Amino acid sequence: MAIETFDTVVIGAGQAGLAAAYHLRRAGREFVVLDGNDRVGDNWRRRYDSLRLFTPAYIVRLPGWGFPGPSGAMPSRDEMADYLEAYVARFAIPVRTGVKVEGLRREGDRYVLTAGDDRYEAANVIVATGAHREGRVPAIARELDPSIRQMHASEYRNPAQLADGGVLVVGAGNSGGDIALELAATRPTWLSGKERGHIPVHIDRPIPKHVVFRLVRAVGCHVLTLRTPIGRRVSRKTGGDPLVRVKPKQLLAAGVQRVGRTVSVRDGKPVVEEGTVVDVPNVIWCTGYRHDFSWIDLPIFGEDGRPNHVRGVVTQEPGLYFVGLVWQFSIASDVLAGIDRDARYVVKQLQRRGAARPATRDVAAVGNV
């Protein structure tokens, strides 16, 4: 088994992990970033082909360097992935790709991380594995007829993946709205789920791009935080987000048929809450994501399965931190607008633990650095 020791290991080379890495670099810490993907940015490249960010380029900014494009452009998924890859090169961040961390535990005063046959030891660990790690699919999916082609939104790329005929898109949030609108151009499409409202402006128009988004960013980062009463109330609410780019009128004009929640299965076919059987050869589950922390063997989780922390600092396990969690400190904590502040705070707390320890190498370094 190859063993290496670092002062700090960052798990995940998405936007949260890279923001933390930037601040570690500025602080003069010795660290490595481990990522299970083949390339930096692959989490974006695996999303659906037509995806574009809701935010204009001037807001798409990691610490030290903003998105290198026209300020009003809405970056595509590939442009975002390429930006992350270029960011690593620009700041010479030591990222090792193809290293999937499978275990994290403590031994004495060190954390031990395992990835295949490799072992890493560190005084500090920053977990930045993302807010959207594992697709969540309801149990009734197992009851559908095997002939129905099913996939989660995280697996959907484009209409060519589907069987001929109609499609039921389950989940009326932003991914569901985007995908339903795209599919309605080529096949009968049903969109299942409770209407959550929508942003009453067209975000691709000039005024919303340059005025509304500045206001939204200010509210999301400085008003809706765990420090304010209104922020704490909003953080306790459950339910989907309102539609941002797609509007209900657009779905109606495109021929998307809105139906209630998908609640059961009859004769192998999905049934919506109105009691209607939707007879389609395709179902796409836009039903959200969940964290998978089963690989962390530490007593840090609450009854809800989420890590116990204060602004990303795990107080009962000194040296362990998180970045990029939903509502880590604000409603913007899992998106670009809020990640920099959270990463900066976490690294500041890490600095207060003491000086960096010199790295040792028990074997030659492996992976892409």
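No experiment lies behind these values; they were computed from the predicted model shown.

A. Summary view of the overall build of the protein chain. A tally of helices and strands in the protein chain yields 8 helices and 19 strands. Against the globule reference of 21 Å for 369 residues, the protein chain gives a C-alpha radius of gyration of 22 Å, in line with a compact fold. Overall, the C-alpha framework of the protein chain stretches about 65 × 45 × 40 Å when taken along its three principal axes. Put simply, the protein chain has 369 residues, and 49% of those count as buried. Across the protein chain, every contact between residues at least 6 apart in sequence was considered, and the portion connecting residues at least 24 apart equals 67%. In the form shown here, the protein chain has an accessible surface area of approximately 17,400 Å², with 51% of it arising from carbon and sulfur atoms. In the protein chain, the 51 positive side-chain charges and the 40 negative ones have mean positions that sit 9 Å from each other.

B. Focus on helix H4 (residues 174–183). Counting buried positions along H4 yields 7 of 10 residues, so the element is predominantly enclosed. Turning to H4, its buried residues are Asn174, Gly176, Gly177, Asp178, Ile179, Ala180 and Leu183. Those residues of H4 that are buried are in contact with strand S11 (167–170), strand S12 (189–192), helix H7 (248–253) and strand S16 (282–285).

C. Looking closely at the side chain of His23. Here His23 is to be found in helix H1 (residues 15–27). Residue His23 is classed as buried on the basis of its relative accessible area, which comes to 11%. With residues up to four places along the chain from it excluded, the contact list for His23 reads Pro63, Asp340, Ala343, Arg344 and Val347.

D. Here's a closer look at the packing of helix H5 (residues 206–223) against helix H8 (residues 336–352). The N-to-C vectors of H5 and H8 enclose an angle of 35 degrees; their axes lie 10 Å apart at closest approach. Crossing geometry of H5 relative to H8 is assigned as right-handed. Residues Arg217, Cys221 and His222 of H5 lie in contact with H8, whose contacting residues are Ala337, Gly338 and Arg341. Residues belonging to the contact of H5 with H8 are distributed by class as follows: 2 nonpolar, 2 polar and 2 charged.

E. View of the environment of Tyr83. Structurally, the position occupied by Tyr83 is in helix H3 (residues 77–90). Since its relative accessible area comes to 2%, Tyr83 is described here as buried. Placed 19 residues apart in sequence, Tyr83 and Gly64 show a C-alpha to C-alpha distance of 13 Å. Apart from residues lying up to four places away in sequence, Tyr83 is in contact with Val60, Arg61, Leu62, Trp65, Gly66, Phe67 and Pro68.

F. Inspection of H8 at higher detail. Spanning 17 residues, H8 covers 25 Å between terminal C-alpha atoms, matching the ideal 24 Å at 1.5 Å per step. Leu336, Gly338, Ile339, Arg341, Asp342, Ala343, Val346, Val347, Gln349 and Leu350 are the residues of H8 that are buried.

G. Structural view of a nonpolar patch on the surface. The grouping of Leu215, Val219, Val223 and Ile230 at the surface amounts to a nonpolar patch, some 300 Å² of accessible area in total. Residue contributions to the nonpolar patch peak at 3 residues, all from H5. Look at Leu215 and you get exposed, because its relative accessible area is 57%.

H. Looking closely at the pairing of strand S15 (residues 269–272). Inspection of the sheet shows strand S14 (residues 262–266) paired to S15 by 4 bridges, in the antiparallel sense. Residue pairing for S15: Ser264 is matched across the bridge by Val271. Between S14 and S15, which follow one another and run antiparallel, lie 2 residues, and Asp267 among them has a positive phi close to 55 degrees.

I. Up close: the nonpolar core. The biggest cluster of nonpolar side chains holds 58 residues, and the ones touching the most others in it are Leu18, Tyr83, Ile93, Ile126, Ile179 and Ile284. Element by element, the count of residues in this core is highest for H1, at 7 residues. In this structure, Ile126 is in contact with Thr8, Val9, Val10, Ile11, Ala20, Leu24, Tyr321, Val323, Val346, Val347 and Leu350, ignoring residues within four places of it in sequence. In terms of nonpolar packing, the next biggest core, distinct from the first, is built from 24 residues, Leu113, Val127, Ile296 and Leu325 among them.

J. Expanded view of the pairing of S12. Here S12 shows two buried faces, one formed by Thr189 and Leu191 and the other by Trp190 and Ser192. Pairing geometry for S11 and S12, over 4 bridges, is parallel. Among the inter-strand pairings, Val170 is bridged to a residue of S12, identified as Ser192. For the crossover from S11 across H4 to S12, the handedness is right-handed. Relative to strand S13 (residues 257–259), S12 runs parallel, the two being bridged by 3 bridges. For Trp190, the partnering residue across the bridge sits in S13 and is Gln257.

K. Representation of unusual backbone geometry within the structure. The backbone of Arg311 shows a phi angle near 55 degrees, a positive value even though the residue is not glycine. Turning to its location among the elements, Arg311 is positioned in the loop between strand S17 (289–290) and strand S18 (320–322). When its relative accessible area of 17% is taken as the criterion, Arg311 is described as buried. Look at Trp327: it is not a glycine, yet its phi comes out positive at around 55 degrees. Tracing the sequence through the fold places Trp327 in the loop between S18 and H8.

Scoring rules and cut-offs
Residues numbered from 1 in each chain as written. Predicted model: local features only at pLDDT ≥ 70, side-chain atom pairs only at ≥ 80, totals over all residues. Heavy atoms only, no water. Helix = DSSP H or I, 4+ residues; strand = E, 2+ residues; numbered from the N terminus. Rg over C-alpha atoms; globule rule 2.2 N^0.38 Å. Buried < 20%, exposed > 50% of the residue type's maximum accessible area, 1.4 Å probe, protein only. Contact = heavy atoms within 4.5 Å. Areas by Shrake-Rupley, 256 points an atom, 1.4 Å probe, with all protein chains shown as cover. Lys, Arg positive; Asp, Glu negative; His and termini not counted. Charge placed at Lys NZ, Arg CZ, Asp CG, Glu CD. Axes fitted to C-alpha atoms, helices over the stretch in contact; angles between N-to-C directions. Left-handed = near helix turned anticlockwise from the far one by under 90°. Nonpolar A, V, L, I, M, F, W, Y, C, P; charged D, E, K, R; others polar. Expected span 1.5 Å × (residues − 1). Patch = residues over 30% accessible without salt bridge, like charges linked within 9 Å, V, L, I, M, F, W, Y side chains within 5 Å. Salt bridge = Lys/Arg side-chain N within 4 Å of Asp/Glu carboxyl O. Pairing = 2+ DSSP bridges. Core = buried A, V, L, I, M, F, W, Y, C linked by side-chain atoms within 4.5 Å. Right-handed = clockwise from strand over helix to strand, strands pointing away.

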